[in-house]
Amino acid sequence: MKEHVMKILIVGNAKVGKTSFVHRYISGQFSSAYKTTVGAEFRVKVLQWSDKETVRLHIWDIAGQERFTSMTRVYYKAALGCVLMFDVTDSSSFLRCHQWKQDLDTKATLPGGAPIPCILLANKCDLPERVVTADSIAEFSKNNGFFTWMETSVRDNRNVDEAMRRLVQEILSVQ
Ligand code: GDP
Ligand code: MG
């Protein structure tokens, strides 16, 4: 049995649904929270990926540091993948994704120097007061180096597992 260990970052503005996303993904599974010296927190989820492989995810939620927008390098250190989330009812959270992605790309790279795989998640798709269109998300995703983007609703449990599965798949494919 081969075990892959992956550090995954969840970034994006405050209130877009990051913590809810992590809880939704982890709930019902074994998980544990740790406190580190820098005050960040990660949760663990173990996936049976195939007959011969398990994947142990260390999911880092930025937990209250969103206002700084620029994160410390410690947070990014050794990360293999990233979820960048915004709220489709909050255009400023979408506009800020550009900065989040730039910060990520300058601080988190694979051993060979390439940017780490990042998925763009358009959350709160259950809400009627949506202001960010699918066209603008698709264009932004294409122009800013995301391997894909998805609409999610953490509330309705839409695309939560699927998004994480795509990210793990992408991480394995670039290793
Ligand atoms: P964070 O600051 O990014 O960690 O966001 P939270 O997870 O704390 O969520 C902020 C608020 O958005 C909370 O009131 C959540 O219940 C709500 N929320 C999160 N995801 C969704 C969603 O998919 N749909 C709706 N309608 N509300 C959501
Ligand atoms: Mg949070």
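About the thresholds
- Residues numbered from 1 in each chain as written.
- Chains lettered and ligands numbered in written order.
- Predicted model: local features only at pLDDT ≥ 70, side-chain atom pairs only at ≥ 80, totals over all residues.
- Heavy atoms only, no water.
- UniProt positions renumbered as here; feature names shortened; annotations may be inferred.
- Helix = DSSP H or I, 4+ residues; strand = E, 2+ residues; numbered from the N terminus.
- Buried < 20%, exposed > 50% of the residue type's maximum accessible area, 1.4 Å probe, protein only.
- Near = heavy atom within 4 Å.
- Polar contact = N/O pair within 3.5 Å; in protein donor to acceptor, adjacent residues only side chain to side chain.
- Areas by Shrake-Rupley, 256 points an atom, 1.4 Å probe, with all protein chains shown as cover.
- Nonpolar A, V, L, I, M, F, W, Y, C, P; charged D, E, K, R; others polar.
- Axes fitted to C-alpha atoms, helices over the stretch in contact; angles between N-to-C directions.
- Parallel < 35°, antiparallel > 145°, perpendicular 65-115°, else oblique.
- Contact = heavy atoms within 4.5 Å.

As annotated in an unreviewed UniProt entry, the protein chain carries the name Ras-related protein Rab and comes from Salarias fasciatus. As stated in UniProt under Function (unreviewed entry), the record for the protein chain gives "The small GTPases Rab are key regulators in vesicle trafficking." UniProt lists a comment for the protein chain under the heading Sequence similarities (unreviewed entry), and it reads "Belongs to the small GTPase superfamily. Rab family."

Draft legend 1. Summary view of the environment of Ala14. Residue placement: Ala14 occurs in the loop between strand 1 (2–11) and helix 1 (18–26). Accessibility expressed as a relative area gives 40% for Ala14, which makes it partly exposed. Taking the C-alpha atoms as reference points, Ala14 and Ser50, separated by 36 residues in sequence, lie 35 Å from one another.

Draft legend 2. Quick peek at the site of ligand 1. Neighbouring residues of ligand 1: 16 residues in total, closest Lys15, Lys18, Ser20, Asp126 and Val154. Taking Asn123, its side chain carries an N or O atom lying 3.2 Å from a nitrogen atom of ligand 1. Here a nitrogen atom of ligand 1 sits 2.7 Å away from a polar atom, N or O, in the side chain of Asp126. Relative to its unbound accessible area of 580 Å², ligand 1 is 71% covered by the protein chains. Among the elements that take part in the shell around ligand 1, helix 1 stands out by supplying three residues, more than any other. Along the lines of polarity and charge, the residues of the shell around ligand 1 split into four nonpolar, six polar and six charged.

Draft legend 3. A look at the environment of Asn13. Take Asn13: it is sitting in the loop between strand 1 and helix 1. By relative accessible area, which is 13% here, Asn13 ends up buried. In the structure, Asn13 is positioned 81 residues away from Phe94 in sequence and 8.7 Å away in space, judged by C-alpha atoms. Looking at Asn13, its side chain comes within polar contact range of the side chain of Trp100, at 3.0 Å.

Draft legend 4. Inspection of the packing of helix 1 against helix 6 (residues 160–174) at higher detail. Their axes nearest at 9 Å, the elements helix 1 and helix 6 cross at an angle of 90°. As summarised for this structure, helix 1 and helix 6 are arranged roughly perpendicular, according to the angle between their axes. The segment helix 1 lies against helix 6, with Phe21, Arg24 and Tyr25 engaging Val160, Asp161 and Met164. Class assignment of the residues belonging to the contact of helix 1 with helix 6 gives a composition of four nonpolar, no polar and two charged.

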